[in-house]
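Here is what each chain is made of, one letter per residue.
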Number of protein chains: 4
Amino acid sequence: MNNKLNEQANGVCIISATPFTDNGELDLVSTDTLTDFYLQQGVSGITILGMMGEASKLTEEESLLFMRRVLARVKGRVPVVVGVSHASHQHVKRLSDSAMEAGAAGVMLAPIPNLKTDEQISQYYLTLAEWLGRDVPICLQDFPQSTGVHTSVAVILRLIEALPQLVMLKHEDLPGLRKLSQVREQSAARGLRRISILVGNGGLFLPQEMRRGADGAMTGFAYPEMLVQVCALFQAGKPEAAEDLFDIYLPLLRHEFQFGIGLALRKETLRRRGVIRSATVRQPGPVLDGTDLRELGQLIARLELRLRDSEFGAVIS
Amino acid sequence: MNNKLNEQANGVCIISATPFTDNGELDLVSTDTLTDFYLQQGVSGITILGMMGEASKLTEEESLLFMRRVLARVKGRVPVVVGVSHASHQHVKRLSDSAMEAGAAGVMLAPIPNLKTDEQISQYYLTLAEWLGRDVPICLQDFPQSTGVHTSVAVILRLIEALPQLVMLKHEDLPGLRKLSQVREQSAARGLRRISILVGNGGLFLPQEMRRGADGAMTGFAYPEMLVQVCALFQAGKPEAAEDLFDIYLPLLRHEFQFGIGLALRKETLRRRGVIRSATVRQPGPVLDGTDLRELGQLIARLELRLRDSEFGAVIS
Amino acid sequence: MNNKLNEQANGVCIISATPFTDNGELDLVSTDTLTDFYLQQGVSGITILGMMGEASKLTEEESLLFMRRVLARVKGRVPVVVGVSHASHQHVKRLSDSAMEAGAAGVMLAPIPNLKTDEQISQYYLTLAEWLGRDVPICLQDFPQSTGVHTSVAVILRLIEALPQLVMLKHEDLPGLRKLSQVREQSAARGLRRISILVGNGGLFLPQEMRRGADGAMTGFAYPEMLVQVCALFQAGKPEAAEDLFDIYLPLLRHEFQFGIGLALRKETLRRRGVIRSATVRQPGPVLDGTDLRELGQLIARLELRLRDSEFGAVIS
Amino acid sequence: MNNKLNEQANGVCIISATPFTDNGELDLVSTDTLTDFYLQQGVSGITILGMMGEASKLTEEESLLFMRRVLARVKGRVPVVVGVSHASHQHVKRLSDSAMEAGAAGVMLAPIPNLKTDEQISQYYLTLAEWLGRDVPICLQDFPQSTGVHTSVAVILRLIEALPQLVMLKHEDLPGLRKLSQVREQSAARGLRRISILVGNGGLFLPQEMRRGADGAMTGFAYPEMLVQVCALFQAGKPEAAEDLFDIYLPLLRHEFQFGIGLALRKETLRRRGVIRSATVRQPGPVLDGTDLRELGQLIARLELRLRDSEFGAVIS
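In this report, the structure presented in the accompanying data block is examined. It should be emphasised that the depicted structure is a prediction, and the values quoted were computed from it without experimental measurement.

Describing the overall build of chain A
Helix and strand content of chain A: 13 helices and 8 strands. Taken over C-alpha atoms, the radius of gyration comes to 19 Å for chain A, in line with the 20 Å a tight globule of 317 residues would show. With the principal axes as the frame, chain A shows a C-alpha extent of 50 × 45 × 35 Å. Out of the 317 residues in chain A, the part that is buried amounts to 65%. Looking at chain A alone, contacts between residues at least 24 apart form 75% of all its contacts between residues at least 6 apart. For chain A, the computed accessible surface area is about 11,200 Å², with 52% contributed by carbon and sulfur atoms. Side-chain charges in chain A split into 34 positive and 36 negative, and the spacing between the mean points of these groups amounts to 1 Å.

Remarks on the packing of aromatic side chains
Remark: the centre distance and the inter-plane angle together describe each pair of aromatic rings, the angle taken between the planes. Residue and element names in this part refer to chain A. Taken as a whole, this structure holds 20 aromatic pairs over all chains when the rule is applied. With centroids separated by 5.8 Å and ring planes inclined at 85°, the aromatic side chains of Tyr-124 and Tyr-125 adopt a geometry described as edge-to-face. Tyr-125 carries the same exposure label as Tyr-124, and that label is buried. An aromatic cluster is built from Phe-221, Tyr-223 and Tyr-249, whose rings are joined through pairwise contacts.

Some points on the packing of helix 10 (residues 239-256) of chain D against helix 12 (residues 290-309) of chain D
All names here are of chain D. Across the interface, helix 10 lies against helix 12 with an axial gap of 9 Å and an inter-helix angle of 170°. With respect to each other, helix 10 and helix 12 are oriented roughly antiparallel. Contact with helix 10, carried on its side by Asp-247, Ile-248, Tyr-249, Pro-251, Leu-252, Arg-254 and His-255, involves Glu-295, Leu-296, Leu-299, Ile-300, Leu-303, Arg-306 and Leu-307 of helix 12 and no other residues of that element. Along the lines of polarity and charge, the residues of the contact of helix 10 with helix 12 split into 9 nonpolar, 1 polar and 4 charged.

Description of the sheet that holds strand 8 (residues 216-217) of chain A
The strands making up a sheet associate through backbone hydrogen bonding, with each pair oriented either parallel or antiparallel. Residues and elements named next belong to chain A. Strands sit in the order 1-2-3-4-5-6-7-8 around a closed barrel of 8 strands; the barrel is parallel. In this structure, strand 1 (residues 11-15) lies alongside strand 2 (residues 45-48), joined through 3 bridges in parallel fashion. Residue Ile-15 lies in a different strand from strand 2, and its bridge partner there is Thr-47. Set on the sheet, helix 9 (residues 224-235) makes contact with strand 1 and strand 8; between it and strand 1 the angle comes to about 155°.

Some details on the packing of helix 4 (residues 118-132) of chain A against helix 6 (residues 153-162) of chain A
Residue and element names in this part refer to chain A. One way to put it is that helix 4 packs onto helix 6 with a least axis distance of 10 Å and a crossing angle of 30°. In terms of orientation, helix 4 lies roughly parallel with respect to helix 6. Seen along the crossing, helix 4 lies across helix 6 with a hand that is right-handed. From helix 4, Asp-118, Glu-119, Ile-121, Ser-122, Gln-123, Tyr-125 and Leu-126 reach across to helix 6, where they touch Ala-154, Val-155, Arg-158, Leu-159 and Ala-162. Residue classes in the contact of helix 4 with helix 6 are distributed as 7 nonpolar, 2 polar and 3 charged.

Here we look at the sheet that holds strand 6 (residues 166-171) of chain B
Sheet architecture is closed into a barrel: 8 strands sit in the order 1-2-3-4-5-6-7-8 (chain B), paired in parallel fashion. Where helix 4 (residues 118-132) of chain B meets the sheet, its contacts fall on strand 4 (106-109) and strand 5 (138-142) of chain B, and the angle it forms with strand 5 of chain B comes to roughly 150°.

What about the pairing of strand 2 (residues 45-48) of chain D?
All names here are of chain D. Burial along strand 2 is two-sided: the residues Gly-45 and Thr-47 and Ile-46 and Ile-48 are all buried. You can see the chain leave strand 1 (residues 11-15), run along helix 1 (residues 28-40) and come back into strand 2, and the turn it takes is right-handed. Of the pairings in the sheet, the one linking strand 2 to strand 3 (residues 80-83) comprises 3 bridges and is parallel in character. Each residue of the ladder has a partner; that of Thr-47, found in strand 3, is Val-81. Where the polypeptide runs from strand 2 across helix 2 (residues 60-74) and back to strand 3, its parallel neighbour, the crossover connection is right-handed.

A word on the pattern of salt bridges
Tallied over the entire structure, the rule returns 124 salt bridges over all chains. For Asp-215 of chain A, the salt bridge goes to Arg-184 of chain A, with nearest N and O atoms at 2.8 Å. Placement of the pair is Asp-215 of chain A in the loop between helix 8 (206-211) and strand 8 and Arg-184 of chain A in helix 7 (residues 177-189), with a sequence separation of 31 residues. Of the residues examined, Arg-184 of chain A reaches a relative accessible area of 14% and is grouped as buried. The salt bridge partner of Glu-256 of chain B is Arg-266 of chain B, with a shortest N-O separation of 2.6 Å. Residue Glu-256 of chain B is located in helix 10 (residues 239-256), and its partner Arg-266 of chain B is located in helix 11 (residues 261-272); the two are separated by 10 residues in the primary sequence. Side by side, Glu-256 of chain B and Arg-266 of chain B carry an identical accessibility label, which is buried. Residues joined by salt bridges that share partners form a network here, namely Arg-211, Glu-240, Glu-243, Asp-244 and Asp-247 of chain A together with Arg-302 and Arg-306 of chain C.

Here we look at the relation of the copies chain A and chain C
Relating one copy of the chain to the other takes a rotation about an axis and a shift parallel to that axis. When chain A is fitted to chain C, the residual RMSD is 0.0 Å, and the transformation amounts to a turn of 180° plus an axial shift of 0.0 Å. Such a combination of rotation and displacement between the chain copies is what one expects of a two-fold axis. Minimal C-alpha separation from the rotation axis in chain A is found for Leu-250 of chain A, amounting to 3.8 Å. With an isologous cut-off of 70% or more, the 100% of interface residues of chain A that recur at the interface of chain C puts this contact in the isologous class.

What to know about the relation of the copies chain A and chain B
Once chain A is rotated about the relating axis by 180° and shifted along it by 0.0 Å, it coincides with chain B to within an RMSD of 0.0 Å. Most of the interface of chain A is mirrored in chain B: 100% of its interface residues are interface residues there too.

Some thoughts on the side chain of Ser-278 of chain A
Residue and element names in this part refer to chain A. On the secondary structure map, Ser-278 appears in the loop between helix 11 (261-272) and helix 12 (290-309). Polar side-chain contacts of Ser-278 include one of 2.6 Å to the side chain of Asp-22. One polar contact links Ser-278 to Thr-280, side chain to side chain, over a distance of 2.6 Å.

Notes on helix 4 (residues 118-132) of chain D
With 15 residues, helix 4 of chain D extends 21 Å from end C-alpha to end C-alpha; this agrees with the ideal 21 Å at 1.5 Å per step. Turning to helix 4 of chain D, its buried residues number three or more, namely Asp-118, Ile-121, Ser-122, Tyr-124, Tyr-125, Leu-128, Ala-129 and Leu-132 of chain D. An end-on view of helix 4 of chain D places all buried positions within 155° of arc, on one side of the element. Each element contacted by the buried residues of helix 4 of chain D is listed here: helix 4 (118-132) of chain C together with helix 3 (89-101), strand 4 (106-109), strand 5 (138-142) and helix 6 (153-162) of chain D. Count one or two residues on from helix 4 of chain D and you reach Gly-133 of chain D, which has phi positive near 100°.

Things to note about the interface of chain A and chain B
If you look at the interface, chain A gives 5 residues, while chain B gives 5 residues. For the pair chain A and chain B, the summed buried surface comes to about 540 Å²; carbon and sulfur atoms form 69% of the total. Taken together, chain A and chain B are joined by 1 residue pair in polar contact (both at pLDDT 80 or more). Of the residues contributing to the side of chain A that touches chain B, the split by class is no nonpolar, 3 polar and 2 charged.

Structural notes on unusual backbone geometry
A cis amide bond, omega -5°, links Leu-174 of chain C with the succeeding residue Pro-175 of chain C. Looking at where Pro-175 of chain C falls in the secondary structure, it is placed in the loop between strand 6 (166-171) and helix 7 (177-189).

Considerations on the state of the cysteines
Overall, the coordinates contain 0 disulfides over all chains when judged by the stated rule. No disulfide involves Cys-139 of chain B; its nearest neighbouring cysteine sulfur is the one of Cys-13 of chain B, lying 7.7 Å away. A relative accessible area of 0% places Cys-139 of chain B in the buried class. This cysteine, Cys-231 of chain C, is not joined by any disulfide, and Cys-13 of chain C carries the nearest cysteine sulfur, 11 Å off.

A word on the interface of chain A and chain C
It is common to give the size of an interface as the accessible area lost on bringing the parts into contact. Contacts between chain A and chain C engage 34 residues on the former and 34 residues on the latter. For chain A, the biggest contributors to the area lost against chain C are Arg-178, Arg-254 and Arg-302 of chain A; these three give 25% of the whole. Applying the counting criterion to the chain A and chain C interface returns 18 salt bridges. In this structure, the connection of chain A to chain C is made through 22 residue pairs in polar contact (both at pLDDT 80 or more). Looking at the side of chain A that touches chain C, the elements that each hand over two or more residues are helix 7, helix 8, helix 10 (239-256) and helix 12 of chain A. Sort the elements by how many residues they give to the side of chain A that touches chain C and helix 10 of chain A lands first, with 9 residues. Taken together, the residues that form the side of chain A that touches chain C break down as 14 nonpolar, 7 polar and 13 charged.

Focus on the environment of Lys-93 of chain A
All names here are of chain A. Tracing the sequence through the fold places Lys-93 in helix 3 (residues 89-101). When its relative accessible area of 26% is taken as the criterion, Lys-93 is described as partly exposed. Separated by 40 residues in sequence, Lys-93 and Gly-133 have C-alpha atoms that sit 9.3 Å apart. For Lys-93, the contacting residues outside a window of four places in its chain are Trp-131 and Leu-132.

About the criteria used
Starting afresh in each chain, residues are numbered from 1 along the sequence in its written order. Here every chain gets a letter starting at A, and every ligand a number starting at 1, in the order they are written. Under the rules for a predicted model, residues below a pLDDT of 70 receive no local features and side-chain atom pairs below 80 are neither given nor counted, while totals for whole chains, interfaces and linings still include all residues. In computing side-chain values, all of the structure's heavy atoms are included and hydrogens and water are not. Per the convention used, a helix needs a DSSP run of H or I reaching at least four residues, while a strand needs a run of E reaching at least two, with both numbered from the N terminus. Atoms counted for the radius of gyration: C-alpha only. Globule rule: 2.2 Å times residue count to the power 0.38. The classification of residues rests on relative accessible area computed with a 1.4 Å probe and restricted to protein chains. Under 20% of the type maximum is buried, over 50% is exposed, and intermediate values are partly exposed. Whether two residues touch is decided by their heavy atoms; if any such pair falls within 4.5 Å, the residues are in contact. Surface accessibility follows the Shrake-Rupley procedure with a 1.4 Å probe radius. Residue values consider only the protein chains on display as shielding. Positive charges are assigned to Lys and Arg, negative charges to Asp and Glu, while His and the chain termini are left out of the count. A single reference atom marks each charge: NZ on Lys, CZ on Arg, CG on Asp, CD on Glu. Only Phe, Tyr and Trp rings take part, Trp by its six-membered ring, and two of them pair if their centres are within 6.5 Å. Stacked means planes under 30 degrees apart, edge-to-face means over 60, and tilted covers everything else. Axis definition: a line fitted to C-alpha atoms, over the contacting stretch in the case of helices. Angles run 0 to 180 degrees between N-to-C directions. Working definition: roughly parallel below 35 degrees, roughly antiparallel above 145 degrees, roughly perpendicular at 65 to 115 degrees, and oblique for all remaining angles. Residues are sorted three ways: Asp, Glu, Lys and Arg are charged, Ala, Val, Leu, Ile, Met, Phe, Trp, Tyr, Cys and Pro are nonpolar, and all the rest, Gly among them, are polar. Should DSSP find at least two bridges between two strands, the strands are regarded as paired. By definition, any crossing whose near helix is turned counterclockwise from its far helix by less than a right angle is left-handed, and any crossing with a clockwise turn is right-handed. A crossover gets the label right-handed when its path from the first strand over the helix to the second runs clockwise, viewed with the strands pointing away from the viewer. One side-chain nitrogen of Lys or Arg within 4 Å of one carboxyl oxygen of Asp or Glu is enough to make a salt bridge. Copies are brought into register by a least-squares superposition over C-alpha atoms of residues with pLDDT of at least 70 in both. N or O atoms closer than or at 3.5 Å make up a polar contact, with two conditions inside protein: a donor-capable atom paired with an acceptor-capable one, and, for residues adjacent in sequence, both atoms drawn from side chains. Working rule for helices: expected span equals 1.5 Å times residues minus one. By construction, the arc corresponds to the directions joining the helix axis to the C-beta atoms. Simply put, the buried area is the total loss of 1.4 Å probe accessible area from both parts when two parts are fitted together. Disulfides are defined as cysteine sulfur pairs within 2.5 Å.

As structure tokens, this is what we get:
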């Protein structure tokens with residue numbers, strides 16, 4: 001894959017957590033180990049400074065520091081996408097420029113919360129694409145549960161047509177299965193470029209989405225190796241095996257899917273796996289109590305048991 | 001004006017309250033006096049069973065009873081528009097049929113709450129227009145503060161083009177001044193039918209809206225005579241005089257504009273004016289306390305004082 | 001179990017669909033077969049006229065007709081809970097009275113959408129409990145994703161204390177696991193009555209909720225037999241077996257969990273199982289397309305395969 | 001008034017705009033002239049970096065630069081309150097410390113958007129008050145239309161009781177008249193400290209709020225001299241004269257009240273008054289078109305005419 005994000009992107013572009021120390025400071029050591037972990041699990045890309053990366057709780061200085069640390073660690077082995085969503089166009093532009101200069105492969109952009117109509121949403125992206133310039137590949141993040149913005153199929157198609165730098169859709173409308181099919185079908189019917197579609201929502205519907213035309217996942221589940229293998233199995237034409245594997249992890253994945261506390265569960269799981277040193281989420285944010293920790297432990301134990309009993313056991317652990 | 005609502009509608013199509021007795025039963029005697037009052041103030045139409053008519057708190061039987069009572073009292077002197085918004089298409093159809101059979105001039109239809117994209121909103125109206133039939137004139141109610149649905153200019157124009165029976169827009173987006181201008185300008189630029197636009201939001205921006213191309217008001221301010229005169233003065237080419245009159249009532253109008261409690265204030269004002277016997281709002285609903293009542297009294301007293309001192313004093317009281 | 005709903009309720013109180021014919025009319029024949037089906041699967045109660053029962057799209061007449069049909073079919077074998085949520089207190093009262101007279105075991109009540117503060121929500125239930133009377137057992141439905149109303153633990157405890165007729169909580173806040181634990185712990189710490197807690201959200205977190213103190217489920221998954229057995233296994237002190245069984249159904253359950261289209265998937269599944277004659281959802285509502293139907297078929301086929309291969313195969317099919 | 005904000009604050013604490021040049025850079029020259037203007041109009045305080053100050057579109061560096069510039073210009077003549085609302089506790093703390101060190105009189109704090117229950121909202125303020133320390137006077141901003149958070153009377157009273165540093169309420173719930181009365185009455189009934197209450201919402205209900213116990217206004221209407229005089233007249237025991245003056249400005253004030261575009265109208269009015277050099281709002285933000293500008297001009301002309309004809313003419317212009 002070349003340096004820039006493009007329409008051929010597939011597999012797992014993992015949504016990276018942002019590790020903090022116990023007292024809430026950026027943990028750059030864990031940043032390195034986390035980055036190494038993701039690469040070892042076989043991800044084909046890394047997305048940093050997204051919502052689950054607690055981007056809104058970082059200062060601009062911290063964002064740049066973290067971004068440069070990850071890019072230095074990745075050394076171009078996989079593309080790194082940088083979340084640049086912000087209330088101000090100037091900020092989006094500045095962060096995007098910094099990212100691209102530092103070697104990012106592209107930027108991810110969610111709309112600001114108060115956009116309502118098709119026209120407003122289209123204009124938002126058209127305007128920002130002009131601010132950012134044609135050389136900056138854009139991943140459109142469609143996550144209405146968090147932004148409150150409902151980006152229609154018509155808007156997505158219009159933007160694919162108008163913006164050559166729009167190369168990827170992070171699909172996480174919910175429910176969103178039909179929408180994904182419509183984007184693929186209507187795009188093909190109109191002879192538009194086929195862009196990359198990676199799915200979010202913790203991967204809750206990943207197999208169904210792969211069957212409907214997704215190219216992979218862009219989410220942060222604490223067992224990226226499963227996402228990677230599921231995508232690989234789909235690509236190898238083995239959808240049933242992919243879904244069999246997926247189903248083994250589904251109970252835990254569904255648990256981590258919980259909005260809000262899911263981030264704390266994800267970080268705690270990564271900590272237990274030895275990937276980061278602290279599971280701290282910046283305040284205000286979810287804090288796990290004894291019951292939460294026990295419950296997570298039970299679900300992990302059940303997962304390990306099922307994995308061991310499965311045909312995948314050897315492959316995975 | 002003929003029996004059916006059409007694109008030429010203008011002036012004040014008053015949003016009628018639904019009078020209840022002190023214990024919350026439909027008050028048909030007050031329904032008659034209220035209807036007479038509206039007609040005496042010179043309204044050019046009456047809209048019943050809208051949101052401010054507490055339609056969602058009436059049984060279907062009560063709705064039909066009230067509707068027939070008003071229609072019988074009006075005797076065709078002005079068009080009566082019936083609100084038919086409902087969660088079920090079947091219900092909309094049934095209520096609309098009943099209304100038209102009973103002599104209504106048309107129906108008012110707001111979208112159900114969960115519509116998000118331009119396509120979804122358009123399809124909602126296109127589908128229902130087919131259910132209702134070409135003979136039923138429709139007033140599209142655009143009131144996002146209450147419905148959560150944002151109907152774009154593009155959607156409005158598409159519906160004007162596709163649906164000959166769409167003859168009126170109740171404009172109450174907020175802020176909505178530019179939207180009103182855009183509907184008028186883009187509609188003209190595309191050579192579409194010029195539909196009637198009546199404005200809501202309690203009339204808070206009536207003069208600015210008339211200057212931008214509105215044809216009148218569809219709201220329920222407890223002093224309809226002001227709305228009627230303001231519209232008449234605009235039609236007579238006297239915008240400054242219209243705005244002078246409007247400004248005298250603005251303090252009270254702004255008070256009644258308050259969402260929720262505004263309905264209780266409106267009914268209490270109508271009660272004080274001798275138009276209905278009880279100011280009761282169906283439960284759960286706002287109930288005025290001593291401070292509210294005193295405050296309303298002060299604002300009414302101030303209005304009367306200013307009216308007396310104004311050039312409009314003689315004309316109005 | 002006696003005639004009235006009480007705090008000992010447990011197991012599965014199934015949320016009943018409302019069957020329609022292909023053209024959207026109430027299907028009373030399917031109502032009978034559906035009721036029989038639920039009873040055969042071993043549910044310990046039936047809840048009708050809830051949100052998933054499309055209550056807001058029924059006329060009052062239809063609601064009464066359907067309610068009486070179900071009650072007549074059940075013949076007191078299990079308690080029937082009737083959803084009575086409505087914008088008007090008078091309507092809630094009238095429907096509740098009708099239900100109790102016809103032999104319902106209690107009513108389920110969700111708050112109206114515009115309640116915001118703890119005090120407003122408490123007062124809503126306190127007022128309505130007085131309207132309904134002490135003899136009407138109430139199930140409080142806590143479903144903020146649909147109502148927009150966030151009922152705090154403090155409010156729930158206050159209502160348990162103040163209202164002896166509040167005997168059940170339908171817990172479907174999301175994420176809501178900690179909330180469930182807090183209700184149980186704080187209620188016990190304060191020496192309050194232990195009410196029944198049945199969980200919703202399609203059962204997506206049922207095992208975790210059972211471990212945290214839930215008494216069962218009140219949801220409408222199209223395979224009630226699984227819910228029944230999971231609850232029974234928990235009651236028999238076999239949580240791991242319960243969760244093993246649950247996990248087999250989780251892929252399909254998660255699919256049906258999708259808000260909106262989930263109802264269409266549920267009805268279609270019931271239709272395929274021969275329980276109702278038509279999967280029609282009243283308009284406006286979701287309609288499955290070819291891809292949706294194929295996808296559902298695949299998931300059902302996968303479920304059947306996994307069931308056959310499991311230790312539960314014999315027990316269940 | 002001493003250096004720190006306290007419960008005796010009254011009159012007008014103007015919400016300052018943040019001036020930008022035509023190309024969107026901070027305009028420090030206009031910052032000086034704007035500050036001078038506010039002081040000349042007799043404000044008793046200045047609030048900077050609030051929502052209408054476009055705080056979310058400034059970098060931290062710009063925020064500090066602007067803050068220091070205003071503080072240097074004010075030279076302690078009136079208290080300066082600094083908005084510090086942010087998604088991260090650390091950021092709130094850091095900005096608050098910087099502000100207090102630079103000579104601010106206190107900080108204004110709105111809740112983060114996802115707080116729902118009384119307990120969550122209380123805990124948010126209790127936690128942050130501890131982070132900030134007892135020496136930092138806090139103004140609680142209650143603005144649910146923008147934050148989505150509904151802070152109940154019970155929560156406000158609880159916080160007044162628990163937090164000596166909570167000295168002021170910026171009241172802008174809407175409708176909010178009864179809430180204001182309840183805070184005053186219940187606070188007195190429970191013998192709590194009487195804190196300062198300044199009202200927002202553009203001042204749309206200022207006279208009614210003063211009659212109900214407000215101490216003044218904290219809003220940014222482009223004619224601060226009116227707000228100052230209205231508050232002074234109320235303090236002088238002349239409520240009717242105060243309201244007479246208010247009513248003259250009401251048509252323009254209501255126009256500026258429009259959410260979103262109101263900020264552009266306010267900045268344009270300040271520009272026309274010669275107070276700032278550019279009316280630029282940072283992108284994405286409202287931009288006035290020809291019709292908007294003409295309309296604003298008409299409303300200003302009408303205001304000037306009415307002022308000239310009034311008894312206030314000489315006093316004001």
